[in-house]
Structure formats: structure tokens, C-alpha cells
There are 2 protein chains.
Amino acid sequence: MPKVKFLPHGREVEVEKGTSLIRAALNAGVHINASCGGNGVCGKCRVKIEQGAVEGGVSERLSKEDIDKGYRLACISEVTEDIVVRIPVESELDESVLNLQASPRKRAKIKQLDLIDFKEKGVFLPPVEKRYLELPPPSHEDNSADVTRLVNFLKLKYNEHRLEVDFSVIKKISKVLREADFKVTVTLQRSIREDGKTKILNIEPGDTSNRNFAIAMDIGTTTIYGQVLDLNTGEVLAEYGDFNAQMSYGEDVINRIVYAEKGNGLKELNQAVLNTTNKVIGKILKESGVSKDEVSTITLAGNTTMTHLFLKLDPRYIRRSPYVPTCNLYPPLNAKMLGIDLGEHTVALFLPSVSSYVGGDIVAGIMGSLVYKEDELTLYVDIGTNAEIVIGNKDWMVCAACSAGPAFEGGGIKFGVRAEKGAIEDFSIDPITFEPMVFTIGNSRPIGICGSGLITIVATLFEVGVIDNRGKFNRDLNTPRIREQDGVWEYVLVWAEESGIERDITLQEPDIDNLIRAKGAIYSGCMTLLKEVGLTINDLDRIIIAGGFGSYIDLEKAITIGLLPEMDTSKISYLGNGSLLGAKMSSLNNQIRRDVVEVVKKMTNFELSETPSYMENYVASLFLPHTDMNLFPKVSQRIKENRRIIEQIRKGQR
Amino acid sequence: MPKVKFLPHGREVEVEKGTSLIRAALNAGVHINASCGGNGVCGKCRVKIEQGAVEGGVSERLSKEDIDKGYRLACISEVTEDIVVRIPVESELDESVLNLQASPRKRAKIKQLDLIDFKEKGVFLPPVEKRYLELPPPSHEDNSADVTRLVNFLKLKYNEHRLEVDFSVIKKISKVLREADFKVTVTLQRSIREDGKTKILNIEPGDTSNRNFAIAMDIGTTTIYGQVLDLNTGEVLAEYGDFNAQMSYGEDVINRIVYAEKGNGLKELNQAVLNTTNKVIGKILKESGVSKDEVSTITLAGNTTMTHLFLKLDPRYIRRSPYVPTCNLYPPLNAKMLGIDLGEHTVALFLPSVSSYVGGDIVAGIMGSLVYKEDELTLYVDIGTNAEIVIGNKDWMVCAACSAGPAFEGGGIKFGVRAEKGAIEDFSIDPITFEPMVFTIGNSRPIGICGSGLITIVATLFEVGVIDNRGKFNRDLNTPRIREQDGVWEYVLVWAEESGIERDITLQEPDIDNLIRAKGAIYSGCMTLLKEVGLTINDLDRIIIAGGFGSYIDLEKAITIGLLPEMDTSKISYLGNGSLLGAKMSSLNNQIRRDVVEVVKKMTNFELSETPSYMENYVASLFLPHTDMNLFPKVSQRIKENRRIIEQIRKGQR
């Protein structure tokens, strides 16, 4: 990997070939002014290549002379070899600025799990197997019924006992046996109980034992993902995700429940989620070349409300104190009967929930990440509108859900947007000039701020003293970017002429308040759970972050604002879509289906709204990073030191 | 009970008040000429009341003088008190006639079984129970899911473990709980395995524990019977039977299978049997005031073909060697899903079959009669077009089906009819004049001969030497009633002017041949089974006869023709509709459902057509009563003695 050295800082960073120079600077903790999102429009990110060369970087924003002298625009330069780059110093920077403690970008490493892990941990036990059988045909000596013949053969030859036969198999067995000259493949579905029955789920002519598939699905409030799995190899053959058609009935579960309570609402919502599910299934089956009759099981993970709506169960008591769902453990059901467009025999299996707000998606994550089998005391957190928290290990678990509000998904933020093209996702600031460096998704003109961007912006502004620990702007700073508009204080991230929306994009104090409330809800949830079991943050061995949003969070920034507890970031890992992972692992491993019942029983749920200490913890969390700075000793130390340096520089300038 | 003494015979008999005098004579073994079926038309049954008086008996067939002298028509006289009656002797009867060994009518006593028997034998275990529960409502301290609340309560309060919850219960639980203020009644369905799961089948608001019903059904080839049972008391609340609408597609199972193989045949036959079933269910529910939602289970017993057609399973291999059914053990199924018009949650349970021709109807009889729990070595025989035979006791059982042909149901008999109004059902003959005494169902003008009548007629003609042991008429008897018509010998039972069909009703030699083949098939079936297990007739402790037809058979006559083996008739009992009884007992006793799986495994089936000794036994049975008279020592002795006496009388007359 090529090395990039930044002058006058002297900081060095290694980056992948092809990384833009401005990203390399960000990774090194080096600020370069840039407010157009990185597509060469503003021309502010002029840098001088002093050794080596970059790919591109030339623009009409640069004069012929500058280009000849080695100036390039950092945002459109690609690193291909070792280089030394000088950042033009536009104001007289005190050497001290270079002593500011950088917080290089740290994303959580991805916790990868595959069949090999499961095999190593002794939990590889396919829940559905296919067996090719050559039965002896009926004779005068043995004219037992077709079903009896099959069952007896499996007993004698494969020691399969406690067999039960699905009615769909009974319906076609006599035809299939004779068409195939008594050479058939049967699909055996294992019970989730060790002493339970094995069901003969399907019978097919000839040898189809190499065609045994399952579908894993994450039924999310926003998005529905599906995967086709080869049950023989564990391979994912196709994957696809789409917006849940229920989105047009309300963005969050509460709105969906409200809608479900009216007239035909439940029926409509049920149809909507089925439509998306069937669309996703259609796509992935087509892509993988698997026919629906070859799919033995579909395993679905969703939060409690989503699962209720999928099963057309009345969700109304989920949103009413004391928050009672209809059901947490869902029986295996015929997929077709539920309206899922799969084979006659396909079984639908649902991950169980713990409570109204800790659902099958979280349980899936706990199972799929194997937290439930390991010693390490883990904080598992799925960050979203509703954040779910699980703390525990193989011996015990507690869990809770916190209503974080939609700030992480751009809701309640003036210029908040989802993580789409043009969303500001990263940010840096010149602590003296307050000029920003703005990164957008797709390097296009900025259109707003997404969740991970918001965290980074607020953390950075806090680090350099632009906002205080209550999230209020320092009114004394001399820059047009910090201003009061209609009585609201704000920081201008992007001027109208550089933005993609022809307006100034700003971060306002109410936006910061919303973020603080969101992170406060999650952090105080963790604190409350820990306190209830007599532990503290220091007892945690690791953190696992789940949820689509989690992969984009900068860990140091998240710790800086007090969203995550202060911890060695190498102990924080990212699971990705834990719900889908759990559905997949549960499709591949019957042991997980066996274990999950006990795990769910083990998970003690706390209704935070009913837990007295929660409100106290919550209020204490409504600061950056927290009222009790002893919880964030390193952040505290860094901020203090940085502020001192910045203060000195600013004094020097005056 | 009033006594009737017949002169000059001196025989006495006790009868129920209201019995007709002619029936009393029959019961006493006293012959009175009567050929009009017992409705006073022919006027031949003149008798003189010498002591006491009868009700009725006066007709225009009697002169004023005769009436004054005490003459009455026996067929229209009712016995109400002790009487002495003289039969007018129209020919000079030798005293010897009175020494003829009478064979008084002996119907099998009915084997009655009820819940008390089951309780005594320790097999009372309701398969479906209702429990009224007052659940604690949800609270902040316990906001577990509705289903969890219910399951936990049953665990703690009633020690109910291994519970599973039907999806229909999950669907409505939250509504029902809240409507009923958490006071509800649940229906618990026990597993057929002792260590199996108990299913929560239904949940209803309030206390409905006194409303717990089941339906038992016999799905017969010809007739479908249903009963509504109160599961709390075991009482039958309503019963109804109707012709199986499949009758219009063929009278026997072979014709039905042939039809099922064509085009939409299977679908049509399935719909036909469902139509009748639903009609019967509608009637009995209405009569009993039970709603379909109050019915927890419907238990159905039918032969293998009927069960296949009910479940829309292809029956084609049942009729093809080596006679393989699709399935013998049927899983519990949702009744509604099968097209049965009952509640959403009603479970349909089918009695298992043993083989293609020993079906759930026979298994039901074996279970319902408790043969499978007792020591006595029993011959269980269900007589019909297909006769099924089971031999065994609690330790072992063998079974077989014989194709008896339709003779017992009037088929293949020139004047054969079903057991309907006007069918000749009993018969006696004057051994000297050959004049008959004819009884019809409903005492109306004769229209033909039903199965039980046929047995009695042939047995009686054989006893008095009108036919020989090959079933051929004695050509030397001097009576217009025995004649040759178009080369066929026959006996005129009823002259045209007294018949209800304006033709002579006769019994022909080919009719006798058919009966001999039918009885030969059954008897040789028994012999073959006994031989296969190394036993003889003498080892049998008892005989149980099942089937609608069985209750009308005169046991002595059936032994005389060799349909039943010679045995003390007190050891022969009649079970009635064994199929319906078994379905009922299985509805009331889960122990039976548990035991039946083992019983079916225990029942060794013999395909008689594949058993070499069967044909030999069959040919030996094509005599009256049998080639080997040592098998019928008493019949043999009686016939010999009677023939001697009759011969003497006839000689005396010449």
C-alpha cells in the first residue's frame, strides 16, 4: 500500500491504491479545506505534491503555473505510489496546531462468521437434509403401504426414528415412487428438540440430493433482505434487498401499529410486507437458478412488530403499556399458507422475540454472532430509530430497547437525509479558520447530512470547541460560518453555491439536541442494564455493533459524543445485518434453532420506561460526552488538551 | 313377559308384550303356514286361542263362526297375556314331526360398551380437555407475551408441560384475553404419544368447560353415520346416517377406484363423500344444539379405499396386485382444510388401516370392542360384500379380507333386495306340505329376499331335505312350490297374488350357489388364518360379528349353512356398527388412540389370494355346511336325525 506523508504536519498514512488524496488526509487526521463534497467544484483543496506523483488532480480551478509547480486538487487526485504532500498554510499556524491530538478514522472491523466457525464450534447440524433412497418395490411378500415402506426403509437403513410424514408427501408419494421406479430423494426436517420428531417434508423422483436450498430473510421495518443458501455447502447463491412496501404506511413501527388498528389496516400491511418479500424471493431465486420447489425452509427474522404484521397478528398491545406482544415463540408454519410464494412443502421458521421491542432481529444477531455461546461479556447494540441493547454472555443476558428517535436516519435534523448520494458522511474543520472539509457519499454535491456524518460533525465541532458540552455554539467565534438565523444558532457546512440543493446546508442547535437525546437514550440504556446486573462499563470485554448504519460510524467520534462507552476500539466490531446473518445461520444450523428457545428464555428484558434508574441515567447522558466525565477519561483528557492548544493559538492570533 | 303355549307341539315361549303371535311361533320353532309376509292378506295363519285372549287377529278372512270359536289370524294378533294356542293340523301329522329338533331363532346378543367399561378397564383418558383459567392480567412486573402468559400459567397451575400452541389460537388470543378480562377456557389436545406434546387447540372467552364435543363418524362404502358426543359425559347427543353420495359412482370399492382413475374422478368422489359427511354433520349438530366451533375433534373410521377417497389420495394401487395403499397411518389434519364443515380449530383424526382391504373400520371395531386388550381368542368378522376377518387377542392378531360378493346385500340373487320394507327376512317350512311361513320387514307384502332371509331360507330348506349339501333341489318332492322353470330349479316362496311385485317370488339354484360361494369365502378365510397360526376352530373362545347386516343373522342358521363355525351361540355376540363404535370410543379415549398404533403394527395381514392354502379351503367350503362334516358335528347330527324323521313321515304318508 502506498504511503502518503503530509507536510508541515509530518503525519504519514498508508492507503489503498486509488484512494483520493483528501480521504488519505482525513485518515491521517489532517485537515484540508473542502466544502463541495469532493468533486472538484470549490477548488479549495489545493495541495502541492512534493515527491512522487498522483493520478488526476488537474482542474480549471488551477492555473497553468500552479499545475506546473505541482499543485493539485486533493479531492480529485488518486494515490498510486508513495508521495509527500504539502498542505498550503493560509494563515500563520502556530506549531502548536500540529500537536493537536488527531482522531484518525476508525471504523469497526467486521465480525465475519461462516460455516467454518460453526463447524469449529460444533454447531453444524443441517436442519434439513436430503437423502437419496433406492427402495425395494412392493411384492407379494411385502405389500406394505407406500408410506410404511418409506418409513421402514429409513429406519432400517439410516436408523431414522420418530419419523412423521407431512401430508403433502402422503398426497404424492404413490405417484412419485412409481414414476421414479422407487428411486427417490426425501427431504428430512429435524426437530428443534433433540428428542423430537423428524419430519419427511418432501419426496422427489430420482436423486436430487445435491439440490437442497433454504432462504434466509431479514424483515426490516425499512428494508427487506433475502438470501438463497445452498444447504449442502452453506454458500450464499444470491442476495437482494428492497424497501419494505409498508414504508408508505408509516416510517416506524409505532405508525405501522396505529395504521394496523384501523379498518383493513392489518390486512393491508400484511399484504404489503408479503408483496416485498415475494418480490425479493422472486429476484434471488431467478438469480440463483433455484426453483421454489427446491426450497425446503425459509427462515425469517424481524422485530416483534414486523413479525406480527407478517403473521397478520394484531400488534395493538405492543404500543400500549405494559407493552405485551401476542406471541414471542412462533411455531413452524407452512410458507404457502402464509402467502409466501414458495413450494407446497416449504416451511416458514421465524426467529423468536424476547419482548415487544426486543425482537427476532436482535435474537438473530445474538445467535448468528455466537454471543450466546461465548465467555466474553459483550455489549451488543443495534443502532437505529429503535436501538436494542443486549448485555451478557453464554451464562446470562439482559436486554432492552431504547427509543432513540430518527436522528440517526436523518429524521428531526433540519438538513438530515438518509445515507444516499450527496449525504455528508465525513467532516473535518480547521480549528482556527473554522473552514470545513466535507465528504459526501458518491463524492457529489452535498444535499444534507446522514447519521454517521452527523456524529462526526458534532464530535469534531465539540473537539475544537465550536460547541460546548451542552451542544451550544460558542457565540464568540469570529467566522461567518457560525451565525444566528431567526433566533437559531447554526454552523454553515456548505454554502448555497457549492451545495446540491441551492441553499446553505447548516447544522443547527436543535439538530445537536436531537442527536444528544438519541445517543443519550442508547448510552443510558446500556448504563441502566449494567447497573441492574451490578456491573459497570469497565466490565465489558467487547462491543458488537449491528444494523446497516453501524458500519459507517467512526468509532472514536461515537465515543467522543458519548454514543459508545469509552473502550479500546479494537474491541469493537461490526456485525453488519445481524438479523440476516442470524436467519442465515439458523437456516444452516439446527443447533441454533435448538438453542434459541433457551436463549430467549435466558434473556431478561427490561422495560426502560418502567425502570426507575433509567430516567436519571438518561438526564446524565444529555451532555457531550456525559455529565460524569470520569466515564470518558481519555476523551476528557484529549478534549482538555486540544482546547488548551486551540485557545493558545487563538489568543496568539488576536 | 307373557307365555305362549303352542298345541299340539306343547312348546312354550316367552315374548315381549305386543309381539305378533306368528313371531312367537317362529321363536318357539313352531311352523304356521303364512306366505303374505304377515299383513293378514293370505289368511292362511288361522290359529285357535284356547286359553286367554289376544289383541286383534280378526279379519274378513275369518267367518263369524270361526271368530266366535276363538280362531284368529296369527300374523295380526298381538300377545298381551299368557295364552294357549292350537295350530290347526291340516294333514295327519305324525307325532314324530314334533320330535324334529327345532332351531329357535338366536340372534347374537349385543356387545354393549360404554364409558363405564372403559373406566373399569382403565382406558378413560379424554383426548381433548377443556380448562377454565383466570389468568393474571399483564402488569409492569409481568408483561410477557399473551401466549407465554397462558403457557406459563398452565405450567405452574396445572403442571402442563410440553405445550404447543396452534396457530389459530395465536391468531385470536390477544383479542379473546382482553374481551374476557383474562378469564378464558382453553381446549387441550393430548398427544397420542405419552411423551408427546399437548396442543392448545382453542381459546374461548369465559367458562365454556361444560361445552366440549366431538364427532365420531363411520365412512362406509354404502352409508355414512355420525354421532355428536359430549366429551364430559361420554353421552351420544345425536346420531344420523345417510347413503354415501358416492353410491351413484359404483356400489363397491373396486368400482369407486376404477372411477377415481378417470379424469376428475378422484375429485368428484372426494366431493361426494364430503357432501354426505357435511350433510350428516349438519343434521346431528342441529339436533344436538352444538355449534361447529364447539367441536374439538372429528374421528373418522372407514375402509382403506374410503379413507383414501376422503383424503383425496390416489387409490389406484389398492386394486392392483400386490395391493398397496398409499398410507395406513394418517396424521391428524385440520378438518376445515380437508373440506369438513367444522370449526377453524377442529382436528380430523382417522383410524389407521392395516392393509388395502383391512381398513380403519375394522381397526375401529377391534379397538372399540376392546378385543385388543383381552385374553380371549376372538374371531372378529365384519360381514358384507367385503368381509374382513381378524383372529387374535391382546398378544397377537392376524387378519384378512375375503371378497364374499354381494349375495348378503341381495346382489346376484334373482329376487334379492336390500334389507328394506317387504324384504323376506325370516322363513319356516312345513316339512311335509312344503308350505312356507314368510316374514317380511315391516310386515308388508313380500317384494324379495334380503341377506339374513336368504341364509335362513337356505338353511331351513337344507334342514328339511328340500335341498342337498350341494345346494341342489330334491327333484322328487311332490309340491308345486318346487319346480323347474326354463331349466332352472326353484322354490316358490310367495305366489304372485300374495306378493308385492305381482310375480312369484322364488329361490333358485344359482341363488343358492352364490350364497354358498359367499359363505365359503368367509369360512375358508377363517380356516386359512387359523391354519397359518397353527390353530383350529376349537381354539376360538368367542366370535364377534360386526356390520349392519350381522344383527339380523340367525346364528343357528348361519352355522347350519357353514357361514359361522359351529360354536355355542352364547359365545357369539354382535357388535353393531363396529366402525362407528370404534370412532366413538377413540373420540372419548386417548388411550385407544395411543394403543392403536401398536395394534395396527401387531395385526399381521394375509393376502388370501396369495396364500396357497386358501383356495383349497375355499373349495372344501363350497358345501352345506362343509365337505368336512367333522367341523360341524352338531349340525351334522341334527340334520341326520331330522332327515330320518321326515323320511319316516313321508314314507308313512305314501
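Our structure's up above, just so we're on the same page.
Only a predicted model underlies this, so the values are computations on that prediction, with no experimental measurement involved.

Quick notes on the rules
Residues numbered from 1 in each chain as written. Chains lettered and ligands numbered in written order. Predicted model: local features only at pLDDT ≥ 70, side-chain atom pairs only at ≥ 80, totals over all residues. Helix = DSSP H or I, 4+ residues; strand = E, 2+ residues; numbered from the N terminus. Rg over C-alpha atoms; globule rule 2.2 N^0.38 Å. Buried ≥ 20, exposed ≤ 12 C-beta atoms within 10 Å, placed from the backbone. Contact = placed C-beta atoms within 7 Å. Pairing = 2+ DSSP bridges. Axes fitted to C-alpha atoms, helices over the stretch in contact; angles between N-to-C directions. Least-squares fit on C-alpha atoms with pLDDT ≥ 70 in both.

### Examining the overall build of chain A
So, point 1. Helix and strand counts for chain A come out as 17 helices and 30 strands.
So, point 2. A globule of 654 residues ought to have a C-alpha radius of gyration of about 26 Å, and chain A, at 29 Å, matches this closely.
So, point 3. Projected onto its principal axes, the C-alpha coordinates of chain A cover approximately 105 × 60 × 50 Å.
So, point 4. Burial analysis of chain A (654 residues in total) assigns 52% to the buried set.
So, point 5. By sequence separation, contacts in chain A at least 24 residues apart represent 69% of the contacts at least 6 residues apart.

### As for the sheet that holds strand β27 (residues 505–508) of chain B
Residue and element names in this part refer to chain B.
So, point 1. On the basis of which strands lie adjacent, the open sheet formed by three strands has the order β25-β26-β27 and antiparallel pairing. At either margin of the open sheet sits one strand with a lone partner, and together these are β25 (482–485) and β27. On average, each strand axis in the sheet is inclined to that of its neighbour by 45°, with strand direction left out of account.
So, point 2. Here β25 pairs with strand β26 (residues 488–494) via four bridges, running antiparallel. Among the inter-strand pairings, isoleucine 482 is bridged to a residue of β26, identified as tyrosine 491.
So, point 3. Its contacts with the sheet place helix α12 (residues 509–532) against β26 and β27, and it is angled at close to 55° to β27.

### Some details on the environment of Thr456(B)
Residues and elements named next belong to chain B.
So, point 1. Within the element layout of this structure, threonine 456 appears in helix α11 (residues 451–463).
So, point 2. According to the C-beta neighbour criterion, threonine 456 is buried, with 28 such atoms within 10 Å.
So, point 3. For the pair threonine 456 and valine 176, spaced 280 residues apart in the sequence, the C-alpha separation amounts to 62 Å.
So, point 4. Setting aside residues no more than four positions away along its own chain, threonine 456 makes contact with Asp426, Phe427, Asp554 and Lys557.

### Topic: the relation of the copies chain B and chain A
So, point 1. Each copy of the sequence occupies a distinct position, and chain B is placed on chain A by a rotation of 179° and an axial shift of 0.0 Å, giving an RMSD of 0.3 Å. What we have between these two chains is a two-fold relation. When C-alpha distances to the rotation axis are compared across chain B, the minimum falls at Gly196(B), with a value of 4.4 Å.

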